[in-house]
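Residues per chain are reported as follows:
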Amino acid sequence: MNAAGLAGAAALGFPRPAIAQGEPLRIGWLAAMTGPSSAPTVGFNRGVIFAVEAINGAGGVKGRKIELITRDSQGDPTKAVNATQEMISQAKVHAIWGPTNSGESLAVTPIMARAKMPNIHPCVVDSLIDPAKYPNAFRIAPSNTQWDDAVRSYCLKVLKVKRVAVIGDTTGYGVTAAKASAAAFKQDGAEVVYLGNIDSTQPDMTPDMLRARNAGAEALVVWSVSTGMDARLFNTRARMGWDVPFVGHPSMASGEIGGLLEKPANWDKVYAIGYRSCSYDESGKLNARSEEFVARLKGKVQLSDTLLWWVAAGYDAVSLIAKAVEETGSSAPDAIVKHWNGLKKYPGIFGDYTYTPTEHNGYPTEDVVMSAANSGRDGSFRLAPGYS
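Not measured: the values here are computed from a predicted model.

With respect to the overall build of the protein
- Secondary structure assignment for the protein yields 11 helices and 15 strands.
- A compact globule built from 388 residues should have a C-alpha radius of gyration of about 21 Å, and the protein, at 20 Å, falls within 12% of that.
- Each principal axis of the C-alpha distribution contributes one length, and for the protein these read about 65 × 45 × 35 Å.
- Scored against the burial criterion, the 388 residues of the protein give a buried share of 58%.
- Distance between charge centroids for the protein: 2 Å, based on 39 positive and 37 negative side chains.

Laid out in structure tokens, this is it:
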């Protein structure tokens, strides 16, 4: 076994059996690899591939090699439904990771529940996690409420703005998230002077930006996974000469935005949701676990054009599935779900996950922070101004 395989196996805690035994462990990967929602998936996929190769290189899970079954949903709920049904009925997967877009997940979560398919995903719409309706579905990332709370707190308590514009794209996620965000701002006493949804492929953002400015917005809150849309918004703000901060979705800090900007300064005063596990301190250091992970990725996984948390979460998703099979000795759906329900501060790279039979939101709220979007370095970021 090579050094990379040994390092990966040690990190995940899997011993290397002498001889592979039994059928492969089939993991379905519902991925929007192409289309306007693909930016996060590219990062997630790098973490997934890295984890699968590390585990298989070390002999697999109790001798069972992982077989990754990937389907490109293209961000389309109908394609996601078809892929989910095919994975369950034909590919006979043991667990499914994804989708990565809430609009798709809203369409497929009930299907997986009926099939009792263990499912772990990073989609943030709150209703996607309901242990009574969907006892097989677990969230690896924060919920939209956790994200929204961090954004709203930063706007109201750090930036001290009173009037906000809330913008989402036209996906199921963008519409739901923008509506929920606007309602929460109003509940906290802020004035939502503009609420709009923009097609992520719309070439000219000027009309919407003018409406927000004319309404008196003091901050622009954006909910979209489309980096192209983000960049066009930033470029439009600069052309308008409008010195207003953007606050919102993690994709606003994606490395690929740098290549879409008319000038680097257009990325100033953009604050994106981030995480303490992927935030560096004043000396430029991540926490020890993340530092070790980045060292293992070096030369194997590119981080400059994506986000570390996307890579780390993809890695952790495979780890959580594999570890359930390792610990229980079974890939049966009820065994995987039961194992996840008993996790307490499971030490992933992205975060420490805790699940119970009645709580399938596993990410610690205190680890959700805001980042300076243009401070990216190996997919990690400097904390936004105002954090200690």
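Moving on, there is more to tell.
Some thoughts on the pairing of strand 1 (residues 25–31)
- Counting buried positions over the seven residues of strand 1 gives seven, a clear majority of the element.
- Going residue by residue along strand 1, you find Leu-25, Ile-27, Trp-29 and Ala-31 tucked away on one face and Arg-26, Gly-28 and Leu-30 tucked away on the opposite face as well.
- For strand 1 and strand 2 (residues 66–72), the ladder comprises seven bridges, and the chain directions are parallel. Residue pairing in the sheet places Gly-28 in a bridge with Ile-69 of strand 2.
- Viewed along the sheet, the connection from strand 1 through helix 2 (residues 38–57) into strand 2 turns out right-handed.
- Across three bridges, the pairing between strand 1 and strand 3 (residues 95–97) is parallel.

Concerning the domain arrangement of the protein
- If you check the domain split of the protein, you get domain 1 (25–144 + 293–366) and domain 2 (146–282 + 369–383).
- Listed as interface residues are 27 residues of domain 1 and, on the opposing side, 28 residues of domain 2.
- Carbon and sulfur atoms supply 61% of the area that domain 1 and domain 2 bury against each other, a total of about 2,300 Å² over both sides.
- Counting the contacts that link domain 1 with domain 2 gives zero salt bridges.
- Taken together, the links from domain 1 to domain 2 amount to 10 residue pairs in polar contact (both at pLDDT 80 or more).
- Of all the secondary-structure elements, those providing two or more residues to the side of domain 1 that touches domain 2 are helix 2, helix 4 (102–114) and helix 10 (308–328).

A short note on the pairing of strand 14 (residues 368–372)
- Of all five residues in strand 14, five are buried, a share of seventy percent or more.
- The side-chain alternation of strand 14 yields two buried faces, one formed by Val-368, Met-370 and Ala-372 and the other by Val-369 and Ser-371.
- Relative to strand 14, strand 10 (residues 270–275) runs antiparallel, the two being bridged by five bridges. Within the sheet, the bridge partner assigned to Ile-273 lies in strand 14 and is Met-370.

Brief notes about the sheet that holds strand 3
- Taking strand neighbours across the sheet as the criterion, the five strands line up as 2-1-3-4-5 in an open arrangement whose pairing is parallel. Two strands close off the open sheet at either side, each with one partner strand: strand 2 and strand 5 (137–139). Strand-to-strand twist across the sheet, computed as the mean angle between neighbouring axes with direction ignored, equals 20°.
- Contacts between helix 2 and the sheet are confined to strand 1, strand 2 and strand 3, with strand 2 contributing the most and set at about 165° to the helix.

Some thoughts on helix 5 (residues 144–158)
- When the terminal C-alpha atoms of helix 5 are compared, their 20 Å separation across 15 residues agrees well with the 21 Å that a helix rising 1.5 Å per residue should span.
- Taken residue by residue, helix 5 has Asn-144, Gln-146, Trp-147, Asp-148, Ala-150, Val-151, Arg-152, Tyr-154 and Cys-155 as its buried positions.
- Residues of helix 5 that are buried sit in contact with helix 6 (172–187), strand 8 (219–223), strand 9 (246–248), strand 10, helix 10 and strand 14.
- Downstream of helix 5 by a residue or two, Lys-160 has a phi angle that is positive, lying close to 55°.

A few points about the sheet that holds strand 10
- Pairing within the open sheet is mixed, and its six strands lie in the order 7-6-8-9-10-14. Bordering the open sheet on either side are strand 7 (191–198) and strand 14, each of which pairs with just one other strand. The mean inter-strand angle of the sheet, taken between neighbouring strand axes irrespective of direction, is 25°.

Examining the nonpolar core
- In this structure, Ile-120 and Trp-309 are the most contacted members of the largest nonpolar core, which totals 109 residues.
- Looking at this core element by element, the count peaks at 14 residues for helix 10.
- When residues are assigned to domains, this core turns out to be shared by domain 1 (25–144 + 293–366) and domain 2 (146–282 + 369–383), each giving three or more.
- Counting residues in each nonpolar core, the second largest holds 14 residues, with Val-81, Ala-83, Ile-88 and Met-112 among its members.

Description of helix 3 (residues 77–91)
- Compared with an ideal rise of 1.5 Å per residue, which puts 15 residues at 21 Å, helix 3 spans 19 Å between its outermost C-alpha atoms and is within 8% of the ideal.
- Here helix 3 has its buried residues at Ala-80, Val-81, Ala-83, Thr-84, Met-87, Ile-88 and Ala-91.
- The secondary structure elements touched by the buried residues of helix 3 are strand 1, strand 2, strand 3 and helix 4.
- One side-chain oxygen of the residue at the start of helix 3 lies 2.8 Å from the amide nitrogen of Thr-78, identifying that residue as Asp-76.

Focus: the UniProt feature "domain: Leucine-binding protein" (unreviewed entry) in the protein
- The UniProt record marks residues 24–361 with the feature "domain: Leucine-binding protein" (unreviewed entry), using the residue numbering of this structure.
- Secondary structure content for residues 24–361 is 42% helix and 17% strand, while the C-alpha to C-alpha distance between its ends is 29 Å.

Considering the pattern of salt bridges
- Tallying each qualifying case throughout the model produces 15 salt bridges.
- In this structure, the salt-bridge partner of Arg-239 is Glu-262, at a minimum N-O distance of 2.4 Å. With Arg-239 in helix 8 (residues 227–240) and Glu-262 in the loop between strand 9 and strand 10, this pair connects stretches of sequence that are 23 residues apart. A single burial state applies to Arg-239 and to Glu-262, both of which are exposed.
- Between Glu-292 and Arg-296 there is a salt bridge; the shortest N-O distance is 2.8 Å. Of the two residues, Glu-292 and Arg-296 both sit in helix 9 (residues 288–297), four residues apart, roughly one turn of that helix.

What counts and how
Residues numbered from 1 in each chain as written. Predicted model: local features only at pLDDT ≥ 70, side-chain atom pairs only at ≥ 80, totals over all residues. Heavy atoms only, no water. Helix = DSSP H or I, 4+ residues; strand = E, 2+ residues; numbered from the N terminus. Rg over C-alpha atoms; globule rule 2.2 N^0.38 Å. Buried < 20%, exposed > 50% of the residue type's maximum accessible area, 1.4 Å probe, protein only. Lys, Arg positive; Asp, Glu negative; His and termini not counted. Charge placed at Lys NZ, Arg CZ, Asp CG, Glu CD. Pairing = 2+ DSSP bridges. Right-handed = clockwise from strand over helix to strand, strands pointing away. Domains from an automatic or database assignment. Contact = heavy atoms within 4.5 Å. Buried area = accessible area lost by both parts, 1.4 Å probe. Salt bridge = Lys/Arg side-chain N within 4 Å of Asp/Glu carboxyl O. Polar contact = N/O pair within 3.5 Å; in protein donor to acceptor, adjacent residues only side chain to side chain. Axes fitted to C-alpha atoms, helices over the stretch in contact; angles between N-to-C directions. Expected span 1.5 Å × (residues − 1). Core = buried A, V, L, I, M, F, W, Y, C linked by side-chain atoms within 4.5 Å. UniProt positions renumbered as here; feature names shortened; annotations may be inferred.

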